[in-house]
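# Coordinate analysis (summary)
Take a look at the letters that make up each chain.
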Amino acid sequence: MPEGPEIHRAASKIRKALEGNVIEDIEITVPQFSGRKADFLGKTVNKVEARGKALLIHFDSFVMYSHNQLYGRWTVNLRKTEPKKWNRALRVALTTKKHTCRLWSATDVLLMEPWEVSGHPYIAKLGPDVVIKETRVGDLIEHMNQKKFQKRRLKTLLLDQGFFAGVGNYLRSEILFTSGLHPDRTIASLSDDEKIALAKESLFLSRQSYKVPGITIELGMFEKLRELGFSRGQARHWVFTRNDKECHRCNSLIIHTRPGGRRLDYCPKCQV
Ligand SMILES: [Zn+2]
């Protein structure tokens, strides 16, 4: 499943293609709004934004919401380029003067009135988004200090979009490593400095991974590892998918666990 950085990268491509542009053609196969073509035609897209793992396309009088779940995918092509043939069903295609943005396979697509957005069940429960630049360390600390999070373990909290929106599986392992925190720690057990570290690293790694796709390791070290012959996949993370390999900081062997059925890798020495 794509994580925040991937969603925001997809959103920024769609934004470049749609924002400020008029919809000149539209194809819809989503049954719930197949009769709404006329609402889109000739209308200008005001704003495209990612919220957690959802994408919102704002028009004057309505907002198109989509959540890709496991299989949904957006593609952006020049208008004259034929879409690639693949095993996905087209849900919506929005065409502007220059581009066509297509949403494939997603089942969670709907149109809302602008005022309904903040009350949508998925949007309403989202925590602060770690990828957008408006989110600050203080926002994350204030959010994590709420009573409802105190007894929960970091390994489960970090996948909860109501905690930090945008963090997914690889970021969970990586944030815990660079914060020096053991996955079993609870929020209540963290010192002030540890909270600051968790907040800072959550922002730093998510944003780096947005700018430099999928790379969470320190960039100088990434280059060095690549020069030594490591593949991109082997070099891009501190601990994630590096189980049984040596920690880059202390040489202990990285441990692999699967809480809730999803991979979590950590260093037994650097994370306490
Ligand atoms: Zn280590």
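Residues numbered from 1 in each chain as written. Predicted model: local features only at pLDDT ≥ 70, side-chain atom pairs only at ≥ 80, totals over all residues. Heavy atoms only, no water.

The coordination sphere of the zinc ion contains the protein donors Cys247 (SG), Cys250 (SG), Cys267 (SG) and Cys270 (SG), at a distance range of 2.2 to 2.4 Å. Each of the four donor atoms around the zinc ion contributes to a set of angles spanning 99 to 113°, which defines the coordination as tetrahedral. All donors of the zinc ion belong to a single chain; written as a sequence motif, their spacing is C-x2-C-x16-C-x2-C. (Donors = N, O, S within 2.8 Å, 3.2 Å for Na, K, Ca; no water. Tetrahedral: all angles 85-135°; square planar, octahedral: opposite > 155°, others 65-115°.)

What follows covers the domain arrangement of the chain. Split into domains, the chain comes out as domain 1 (4–124) and domain 2 (137–266). Each of domain 1 and domain 2 was reduced to a C-alpha centroid, and the two centroids are 31 Å apart. Each side of the interface is counted separately: domain 1 has nine residues, and domain 2 has ten residues. With both sides pooled, the region where domain 1 packs onto domain 2 buries about 700 Å², and carbon together with sulfur makes up 59% of that total. When residues of domain 1 are sorted by the area they lose upon contact with domain 2, Pro5, Arg9 and Lys53 head the list and together hold 58% of the total. Our enumeration of links across domain 1 and domain 2 arrives at zero salt bridges. When residues of the side of domain 1 that touches domain 2 are assigned to their parent elements, the largest contribution, six residues, is made by helix α1 (residues 4–18). (Domains from an automatic or database assignment. Contact = heavy atoms within 4.5 Å. Buried area = accessible area lost by both parts, 1.4 Å probe. Salt bridge = Lys/Arg side-chain N within 4 Å of Asp/Glu carboxyl O. Helix = DSSP H or I, 4+ residues; strand = E, 2+ residues; numbered from the N terminus.)

So, about the packing of aromatic side chains. Applying the stated rule across the entire model yields nine aromatic pairs. Here the aromatic residues Phe33, Phe40, Phe59 and Phe62 are joined through ring pairs into a cluster of three or more. Above the plane of the ring of Phe62 lies Arg36, whose end atom (NZ or CZ) is 5.8 Å from the centre. The ring of Trp238 carries the charged tip of Arg249 above its face, separated from the ring centre by 4.4 Å. (Phe/Tyr/Trp six-rings, centres within 6.5 Å; stacked < 30°, edge-to-face > 60°. Lys NZ or Arg CZ within 6 Å of the ring centre and 35° of its normal.)

Backbone geometry follows two general trends: most residues other than glycine have a negative phi, and most peptide bonds adopt the trans configuration. At Thr241, a residue that is not glycine, the phi angle is positive and equals roughly 65°. Relative to the helices and strands, Thr241 resides in the loop between α9 (232–235) and β9 (255–257). According to the relative accessible area criterion, Thr241 is partly exposed, its value standing at 39%. Phi at Asp244 takes a positive value of approximately 70°, unusual for a residue other than glycine. Locating Asp244 in the fold gives a position in the loop between α9 and β9. Judged by its relative accessible area of 60%, Asp244 falls in the exposed class. (Buried < 20%, exposed > 50% of the residue type's maximum accessible area, 1.4 Å probe, protein only.)

Our focus in this paragraph is helix α4 (residues 137–144). Regarding α4, the residues found buried are Leu140, Ile141, His143 and Met144. The buried side chains of α4 occupy one side of the element, clustering within an arc of 160° when seen end-on. Packed against the buried residues of α4 are α7 (192–211). (Arc of directions from axis to C-beta.)

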